[in-house]
Amino acid sequence: MFKHFFCFLICLSFLNFSHAKEGMWIPALLKAVEGDMQTMGLQLSAEDIYAINQSSLKDAIVHFGGGCTAEVISNEGLILTNHHCGYSQIQSHSSLENDYLKDGFWAMSKEDELQNPGLTATFIVEIRDVTSKILKGIDETTPEGDRNKIIEENSKVLELAATKDNHYEAKVRAFYYGNEFYMIITETFEDVRLVGAPPSSIGKFGGDTDNWVWPRHTGDFSMFRIYSGEDGLPAAPNENNVPLKPKHSLPINLDGVEEGEFTMVYGFPGRTEQYLSSFAVDYVMNTSNPNKIEMRTASLGVIDAAMEKSDKIRIQYAAKQSRISNAWKKWKGQNFGLEKLDALNEKKAFEKEFMKRVSEKGLRSEYGEILKNLEGQYEEIFTYQIARDYFIEYVFYGPEFVRFANRFSSIVDQYEALSSEPEKFEEEIAKLKRATESHFKNYNRTVDQKIFNVLTPLYKKGVADSFEPEIFNDGLAKYRGTVQGLGQAIYNKSFFVDQERMNNLLENFNAGSVKKIKKDPAYKVMRGLFAGYYDKIRPRYGDLQNQIDVNMRKYMEGQRKLFPERPNWADANSTLRLTYGKAEGSEPVDAVVYKFYTTMDGVMNKYIPGDKEFDLPQKLVNLWEEKDYGQYADNGELRVCFTGSNHTSGGNSGSPCLNGRGELVGLNFDRSWESTMSDIRFAPELCRNIMVDIRYVLFIVDKFAGADHLIHEMNLVRNPEPKRDTFMDPTMQSLNR
Ligand code: GLU
């Protein structure tokens, strides 16, 4: 047995050596993997990547809008992220006259850069292990409710102390399901302007067909600039702000990376769930994913068709369509991968082994009941979780009148109180007028009605009657007993689907208006959905989730204790992480070998003039014909994207891919189809992240867009010793031209 286990360990370390490294490492703890990274090709120390008393790579890494990652690439606050991360900003500045989605946008001077209200850029000041301080006053016997209260109080004390005499923010975050705690101290800038974006035919080349797929040919990037007050500190958006002087800006390497070279990706992965029990994985694979995919297939059918028919709708729905389709396609890939790896049976086998080790180590009293408890809790929570999934899908990705109507809940509920305070009342009305304006800017009533008509029957089919709004159930009788009948009543008469009607209502808002809203069928649908969720779904769901959390905390502790041979890294939670591996291709399917990079020739192979996903701007075609790649070519070729064995997740969108010297070589934007399951089960031989080759980014900025003033801001470098016959542009004098 020992022999077998030993062989297993050797195989495991061999696998780890020849392929990807599983894990998303907390930057403050990099010492533990520093040696391993250096063996693979890192030429820096852990402190060069993360330090608090001197500048380090972390000072160039930005949490972009709280969801994506971006990186600083010039000493004037220029930052690089994905096209799909800047998409809603690009969309918000687009109109039929200025179709930046279609044609791209380039600010040719700083004055032309576009402000984006609400967009933030956050730097990490420090990641501090505060576990012992947070758990002070807690022991094995502390009741769960008290434990949570103590954690909350301890967190507050630490957060307040960390932000007392400065402009930082601090938040204590749980890791390892609440077994460890880190305080993340951040600095957030609020003046972040759009600098440039390629046309969607480059930035989103391949559309939904190519999304989550390798080989890939997408120039998925956009550029923004962070502005600060004159003192260099964060300041509210203001004309007088100045470009940020960053603590670190990434050098950009024009030599790229070859297969097998060390790479690391530094960013903010959103959420992974590597330690789930088989019960939860079963739910994801067999219930949640199929239900959500079915809902989104239906709404995408409506939206895609409408966007194809009208340019106005294409612009209005572009960002919404992407938000819906991105996860929709990922879930499909995730199920495909989990099934292929037999992930559910793997989990079950792991649980058996867990129980075996529990017995062997005499830890029955600590961990003996966990899996049984989880099984029971999951069994009960599923009814609520299904309803919750449908609620989220319907309310946040479904017919838009629901979210819009919800904005009116407070004026309806608090009319009496509000109307007695004229100032507050006027403020609320002004807020609703602004909400109305911005809601209808991107709204098409016919599209919304069709979405309502396809999604409501699915919602009704999926959600137990007792959780449904009354108006979807017995209340439907009033509307010919059909969803369509209710739809007609809403879309013909409601205030929430017609801008003029709503404006008139808001113009002279009084007690009568409140009465009218209460009778409005759209409002009734919204209230019914929310009441169902808050009164019937959430309370029990919350209780059960708390119980599951307690068991998962123990289960996580047990897994770390009993499986020390596994890497046991902390699941992603939108905090800064470093992941490392190398530039490499893969062999995901029998007889299929993926090369690790794609080229401009491949872009042209996919080119379909006039197609909504594979069309190209004529200028790019011309540059290809002339082979006018300048200093961005690699032995005469222009590389477009490449894959690496870096463990990434959503939120790593826009993360820098760095070589062993910490120089920017790529921009992370996706994973391959065969690795979309990696949030739950990482497979080193299959999982590949997809990056835009940084030289393709620069080529588009320089040769395609003619925005070479941006190139001049950057620090372009080459490898100290040329390793290969690099094609040099004879016109190139200095690296920055
Ligand atoms: N393309 C991915 C997304 O949009 C980003 C990175 C990833 O999940 O690998 O969510």
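Every chain is numbered independently, its residues counted from 1 as its sequence is written. For this predicted model, a pLDDT threshold of at least 70 governs which residues receive local features, and a threshold of 80 or more governs which side-chain atom pairs are given and counted, while totals over whole chains, interfaces and linings are taken from all residues. Only hydrogens and water are set aside; all other atoms, that is, all heavy atoms of the structure, feed into the side-chain values.

Visitor: Give a detailed account of the overall build of the protein, specifying residues and quantitative values.
Guide: Numbered from the N terminus, helices here are DSSP runs of H or I no shorter than four residues, and strands are runs of E no shorter than two. Helices and strands together make up the secondary structure of the protein, namely 27 helices and 21 strands. For 737 residues, the compact-globule estimate of 2.2 N^0.38 gives 27 Å, and the protein sits close to it at 27 Å. Overall, the C-alpha framework of the protein stretches about 80 × 70 × 60 Å when taken along its three principal axes. Taken over 737 residues, the protein has a buried fraction of 58%. Here, residues are in contact when the closest pair of their heavy atoms is within 4.5 Å. Contacts spanning at least 24 positions in sequence make up 78% of the contacts within the protein whose residues lie at least 6 apart. Only C-alpha atoms enter the radius of gyration, while the globule expectation follows 2.2 Å times N to the 0.38, with N the number of residues. When accessible area is computed with a 1.4 Å probe and restricted to protein chains, residues below 20% of their type maximum are described as buried, those above 50% as exposed, and intermediate ones as partly exposed.

Visitor: If you had to explain the environment of glycine 178 to someone new, which residues and values would you point to?
Guide: Residue position: glycine 178 is located in the loop between strand E6 (169–175) and strand E7 (180–189). The exposure class of glycine 178 is buried, given its relative accessible area of 9%. On a C-alpha basis, the gap between glycine 178 and glycine 585 in space is 36 Å, while along the polypeptide they are 407 residues apart. Sequence-distant contacts of glycine 178, defined by excluding residues within four places in its chain, comprise Arg147 and Arg553.

Visitor: Break down the site of the ligand for me, with residues and values.
Guide: Here a residue is considered near a molecule or strand provided that any single heavy atom belonging to it is located within 4 Å of it. In the region of the ligand, the neighbouring residues are His84, Trp212, Asn326, Ser649, Gly650, Ser653, Phe669, Asp670 and Arg671. Within the contact set of the ligand, an oxygen atom lies 2.8 Å away from a side-chain nitrogen or oxygen of asparagine 326. One of the backbone N or O atoms of phenylalanine 669 is found 2.7 Å from a nitrogen atom in the ligand. Tallying contributions element by element places strand E19 (residues 664–671) first for the shell around the ligand, with 3 residues. We define a polar contact as two N or O atoms separated by no more than 3.5 Å, with the added condition that, inside protein, one atom must be a possible hydrogen donor and the other a possible acceptor, whereas residues neighbouring each other in sequence contribute only through side-chain atom pairs.

Visitor: Hey, could you go over the packing of helix H12 (residues 343–360) against helix H23 (residues 521–562) for me, with residue numbers and the actual values?
Guide: Each pair of packed helices can be summarised by the angle the axes make with each other and by the distance between the axes. Two elements in contact, H12 and H23, have axes whose closest approach is 11 Å; the angle formed by their N-to-C orientations is 75°. Accordingly, the angle class assigned to the pair H12 and H23 is roughly perpendicular. The residues of H23 that touch H12, namely those facing Phe350, Glu351, Phe354, Arg357 and Val358, are Tyr555, Gly558, Gln559 and Leu562. Whenever a helix is involved, its axis is fitted only over the stretch in contact; in every case the axis is a line through C-alpha atoms, and angles between N-to-C directions fall within 0 to 180 degrees. Geometric relationships in this document are graded by angle, where less than 35 degrees denotes roughly parallel, more than 145 denotes roughly antiparallel, 65 to 115 denotes roughly perpendicular, and other angles denote oblique.

Visitor: Break down the nonpolar core for me, citing the residues and quoting the values.
Guide: What is meant by a nonpolar core is a set of buried Ala, Val, Leu, Ile, Met, Phe, Trp, Tyr and Cys residues, joined one to another through side-chain atoms within 4.5 Å. Ranked by internal contacts, the top residues of the largest apolar core, which has 208 residues, are Met223, Phe496 and Tyr696. Broken down by element, this core gets its largest block of residues, 15 residues, from H23. In terms of nonpolar packing, the next biggest core, distinct from the first, is built from 12 residues, Ile138, Leu158, Ala162 and Ile185 among them.

Visitor: Before we move on, can you summarise the packing of helix H18 (residues 422–441) against helix H21 (residues 499–507) with the specific residues and values?
Guide: Packing of H18 against H21 leaves a shortest axis separation of 10 Å and a crossing angle of 175°. Classified by the angle their axes make, H18 and H21 are roughly antiparallel. For the pair formed by H18 and H21, the contact residues are Ile429, Leu432, Lys433, Thr436, Glu437 and Phe440 on the first element and Gln499, Met502, Asn503, Leu506 and Glu507 on the second. Looking at the contact of H18 with H21 residue by residue, the class counts come to 5 nonpolar, 3 polar and 3 charged. The nonpolar class holds Ala, Val, Leu, Ile, Met, Phe, Trp, Tyr, Cys and Pro. Asp, Glu, Lys and Arg form the charged class, and all remaining residues, Gly among them, are polar.

Visitor: Give me the lowdown on H18, citing residues and values where you can.
Guide: An ideal rise of 1.5 Å per residue puts 28 Å on 20 residues; H18 measures up with 29 Å between its terminal C-alpha atoms. Among the residues of H18, those classed as buried are Phe425, Glu428, Ile429, Leu432, Ala435, Thr436, His439 and Phe440. The arc enclosing the buried residues of H18, seen along the axis, measures out at 120°, which places them on a common side. For H18, the exposed residues set more than 90 degrees away from the buried face come down to Glu423, Glu427, Arg434 and Glu437. Buried residues along H18 sit in contact with helix H11 (311–340), helix H15 (400–406), helix H16 (409–413), helix H17 (415–419) and H21. Helix span is expected to be 1.5 Å times the residue number reduced by one. As used here, the arc is the angular range of directions from the helix axis to the C-beta atoms.

Visitor: Quick one: what's the story with the confidence of the model for the protein, residue by residue and with numbers?
Guide: pLDDT expresses how confident the predictor is about each individual residue, on a scale running from 0 to 100. The predicted model of the protein averages 94 in pLDDT, with 95% of residues at 70 or higher. When the criterion is pLDDT under 50, residues 1–18 qualifies, and its contacts beyond four places in sequence or with other chains add up to 8 contacts.

Visitor: I'd like a rundown of the pattern of salt bridges, residues and numbers included.
Guide: Any carboxyl oxygen of Asp or Glu within 4 Å of a side-chain nitrogen of Lys or Arg constitutes a salt bridge here. By the definition in use, this model includes 45 salt bridges. Between glutamate 113 and arginine 225 there is a salt bridge whose closest N-O contact spans 3.0 Å. Taken together, the positions of glutamate 113 in the loop between strand E4 (105–106) and strand E5 (121–129) and arginine 225 in strand E9 (residues 222–228) put the pair 112 residues apart, joining distant regions of the chain. One exposure class covers both glutamate 113 and arginine 225, and it is buried.

Visitor: Pulling in residues and values, what's your account of the packing of aromatic side chains?
Guide: Here a Phe, Tyr or Trp ring, Trp counted by its six-membered ring, pairs with any other such ring whose centre lies within 6.5 Å, and the pair is stacked when the planes are under 30 degrees apart, edge-to-face when over 60, and tilted otherwise. Within this structure, the stated rule accounts for 39 aromatic pairs. Between the aromatic rings of phenylalanine 404 and phenylalanine 408, the centroid separation amounts to 5.4 Å while the plane-to-plane angle is 85°, which identifies the pairing as edge-to-face. Considered together, phenylalanine 404 and phenylalanine 408 belong to a single accessibility category, that of buried residues. Among the aromatic side chains, those forming a connected cluster through ring pairs are Phe404, Phe408, Phe440, Tyr443, Phe496 and Tyr523. Think of it as a cone above the ring: NZ of Lys or CZ of Arg counts as a charge over the ring if it is within 6 Å of the ring centre and within 35 degrees of the ring normal. Sitting over the ring of tyrosine 227, arginine 193 keeps its end group 3.6 Å from the ring centre.

Visitor: Explain the pairing of E19 to me, using residue names and the numbers behind them.
Guide: Regular strands place their side chains on alternate faces of the sheet. The buried fraction of E19 amounts to 8 of the 8 residues, a majority that puts the element mostly inside the structure. In this analysis, strands are considered paired if DSSP registers two or more bridges between them. The pairing of strand E18 (residues 656–658) with E19 spans 3 bridges and is classified as antiparallel. Among the inter-strand pairings, leucine 658 is bridged to a residue of E19, identified as leucine 664. Counting the residues in the hairpin turn of E18 and E19 gives 5 residues, including glycine 662, whose phi is positive at 80°. For E19 and strand E20 (residues 689–693), the ladder comprises 5 bridges, and the chain directions are antiparallel. When the bridges of E20 are listed, glycine 666 appears paired with aspartate 693.

Visitor: Lay out the side chain of arginine 718 with the relevant residues and their values.
Guide: Along the chain, arginine 718 turns up in the segment after strand E21 (716–717). Exposure remark for arginine 718: the relative accessible area of 14% places this residue in the buried category. Side-chain polar atoms of arginine 718 contact the side chain of aspartate 255, separated by 2.8 Å.

Visitor: Lay out the state of the cysteines in plain terms, naming residues and giving numbers.
Guide: Structurally, a disulfide amounts to a covalent bond that connects the sulfur atoms of two cysteines. The disulfide criterion is simple: two cysteine sulfur atoms within 2.5 Å. Summed over all chains, the structure comprises 1 disulfide. The disulfide bridge from cysteine 68 ends at cysteine 85, spanning 2.2 Å between sulfur atoms. With the S-S bond torsion at -80°, the cross-link from cysteine 68 to cysteine 85 turns out left-handed. Taken as a pair, cysteine 68 in strand E2 (residues 68–72) and cysteine 85 in the loop between strand E3 (78–81) and helix H4 (87–92) lie far apart in primary sequence, 17 residues in all. Grouping residues by exposure puts cysteine 68 and cysteine 85 together as buried. Free of any disulfide, cysteine 657 has its nearest cysteine sulfur in cysteine 641, 12 Å distant. Here cysteine 687 stays unpaired: no disulfide links it, and the sulfur of cysteine 657, its closest cysteine neighbor, is 16 Å away.

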